Structure formats: C-alpha cells, structure tokens
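Chain by chain, the residues:
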Amino acid sequence: MGKIKVNSKIVINQVLKKPAKRINIVSLKLVKESSILYQKRSVCSPQDGYELLKQFLDDKDREHFIVVSLDTKNQPVSINICHIGSLNASIVHPREVMKSAILSNAASIIVGHNHPSGKAEPSREDIEVTKRLVEAGKIIGIEVLDHIIVGDETFTSLKEKGYI
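Residues numbered from 1 in each chain as written. Predicted model: local features only at pLDDT ≥ 70, side-chain atom pairs only at ≥ 80, totals over all residues. Heavy atoms only, no water.

Visitor: Break down unusual backbone geometry for me, citing the residues and quoting the values.
Guide: Positioned with a positive phi, Asp-59 is a non-glycine residue whose angle comes to about 60°. Locating Asp-59 in the fold gives a position in the loop between α2 (46-57) and β1 (64-70). Overall, Asp-59 belongs to the exposed group, its relative accessible area being 78%. Positive phi is not limited to glycine here, since Asn-105 has a value of about 55°. (Helix = DSSP H or I, 4+ residues; strand = E, 2+ residues; numbered from the N terminus. Buried < 20%, exposed > 50% of the residue type's maximum accessible area, 1.4 Å probe, protein only.)

Visitor: Go over the side chain of Ser-108 with me, naming the residues and quoting the values.
Guide: Mapped onto the secondary structure, Ser-108 falls in strand β3 (residues 108-114). Under the relative-accessibility criterion, Ser-108 is labelled buried at 4%. Among all residues touching Ser-108, those that are not within four sequence positions of it are Val-68, Ser-69, Leu-70, Asp-71, Asn-74, Ile-142, Glu-143 and Leu-145. (Contact = heavy atoms within 4.5 Å.)

Visitor: Break down the pattern of salt bridges for me, citing the residues and quoting the values.
Guide: All told, the structure shown has nine salt bridges when counted by the stated rule. Residue Glu-96 pairs with Lys-99 through a salt bridge whose shortest N-O separation is 3.2 Å. Separated by three residues within a single helix, Glu-96 and Lys-99 lie in helix α3 (residues 94-103), roughly one turn from each other. Overall, the relative accessible area of 35% leaves Glu-96 in the partly exposed class. (Salt bridge = Lys/Arg side-chain N within 4 Å of Asp/Glu carboxyl O.)

Visitor: How would you explain the packing of aromatic side chains if you had to name every residue and give the values?
Guide: Where two aromatic rings form a pair, the distance of their centres and the angle of their planes describe that pair. Considering all chains together, one arrives at one aromatic pair under this definition. Plain terms: the ring middles of Tyr-50 and Phe-155 are 4.5 Å apart, the flat faces sit at 15° to each other, and that makes the pair stacked. With Tyr-50 in helix α2 and Phe-155 in strand β5 (residues 155-157), this pair connects stretches of sequence that are 105 residues apart. A relative accessible area of 7% means that Tyr-50 is categorised as buried. Overall, Phe-155 belongs to the partly exposed group, its relative accessible area being 21%. (Phe/Tyr/Trp six-rings, centres within 6.5 Å; stacked < 30°, edge-to-face > 60°.)

Visitor: An account of the pairing of strand β2 (residues 76-84) is requested, with residue identities and associated values reported.
Guide: With seven bridges joining them, β1 and β2 adopt antiparallel strand pairing. Each bridged residue has a counterpart across the sheet, and for Val-68 the counterpart in β2 is Ile-79. (Pairing = 2+ DSSP bridges.)

Visitor: Let's hear about the layout of surface pockets: which residues, and what values?
Guide: Put simply, the largest pocket is a space of about 780 Å³. Residue assignment for the lining of the largest pocket shows that the elements contributing at least two residues are α2 and β2. A total of six residues in the lining of the largest pocket trace back to one element, the largest contributor, which is β2. Partitioned by chemical class, the residues of the lining of the largest pocket number eleven nonpolar, eight polar and three charged. (1 Å grid on protein atoms, 1.4 Å probe; cavity = no way out; pocket = protein on both sides within 12 Å on 5 of 7 lines; lining within 4 Å. Points joined across faces, edges and corners; volume = space filled by probe spheres on them. Nonpolar A, V, L, I, M, F, W, Y, C, P; charged D, E, K, R; others polar.)

Visitor: Pulling in residues and values, what's your account of the pairing of β3?
Guide: Counting buried positions along β3 yields seven of seven residues, so the element is predominantly enclosed. Burial along β3 is two-sided: Ser-108, Ile-110, Gly-112 and Asn-114 facing one way and Ile-109, Val-111 and His-113 facing the other are all buried. One ladder, built from six bridges, connects β1 with β3; its direction is antiparallel. Bridging from a neighbouring strand, Ile-66 pairs with Gly-112 of β3. Pairing between β3 and strand β4 (residues 143-150): seven bridges, direction parallel. Bridge pairing in β4 links Ile-109 to Val-144. One crossover worth recording links β3 to the parallel β4 by way of helix α4 (residues 124-140), and it is right-handed. (Right-handed = clockwise from strand over helix to strand, strands pointing away.)

Here it is in structure tokens:
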C-alpha cells in the first residue's frame, strides 16, 4: 500500500481552525421607571437617609436592598431597588450595588435595606456586606456614606455604629 505524504502544517491548521465568534455591540443606559420629589434636596444625616429609604421600604414582607446614588453635593440622583430577598435574607454582591451608581455617575452612595421582623439591629451578614461594599467603593471611586437598616419605627446607621 502506498503512503500519502501530507503537509503536517496544513493538517494542524485545518483541525484547529474554529468558526469566528460573533461579538455583540452594546450600549448601557439607565431607564427611568418613575420619580419622586425630595423636599430636602440633599442627604445630610442618617436621619435624612432613613426618611428617604422608608418611603420605599414601608410594609415590605421581604428584604429589599436599595441603592441611593448621590452627586457631589449629596443630592440623590437615582434610587435603585438592587435586590429583593427572602423573608429574612438578602444576598447582595458589590457589582450589583455599584452598577446603578456607575451608570448614574454617582460620587457616593447610601445603601439600605429593611428588616421585615421590624428590628433594625444589624446582623453579622449586614456588617460583612457593608465592609465589602466600602472596599469595592474605594477601588472604583464611589464612597459608601452609610448603610441604613430600616425597622418598624426605628433605624440603624452602620456609619454611626462605626462600621464605615
């Protein structure tokens, strides 16, 4: 039987050749769903942050994690419901929190969530998430000013507690 001599470079190139990959060209934008009027215009204290967040978190039966993006004068420019959790938990990742802040050109953010139990005491997970968000904010240049936990008629500021 006769041997067929094949150029090994051509065979290797044919075997390894893959079809071209199609890459999507995209754009990113925020979409306004609605708006609210904020009489105070800027957030100057944890109490101000609580009053703003309470509007969104009143009477929720599950944890809702909110991101308020602020400009350089601490004026809110956008509010995003970042995550809706279960009855007693909300898993939050820094990339999801920072996404709306980046798209809003935020100088800083205030984050907050409710405790459907009505008790505004921070859990170990709340403290850990806060520390991760502060670190992520430092890396990308968006300061986390506070993390506010909203209870029935009270709130806890993790900034006031010394976690930020």
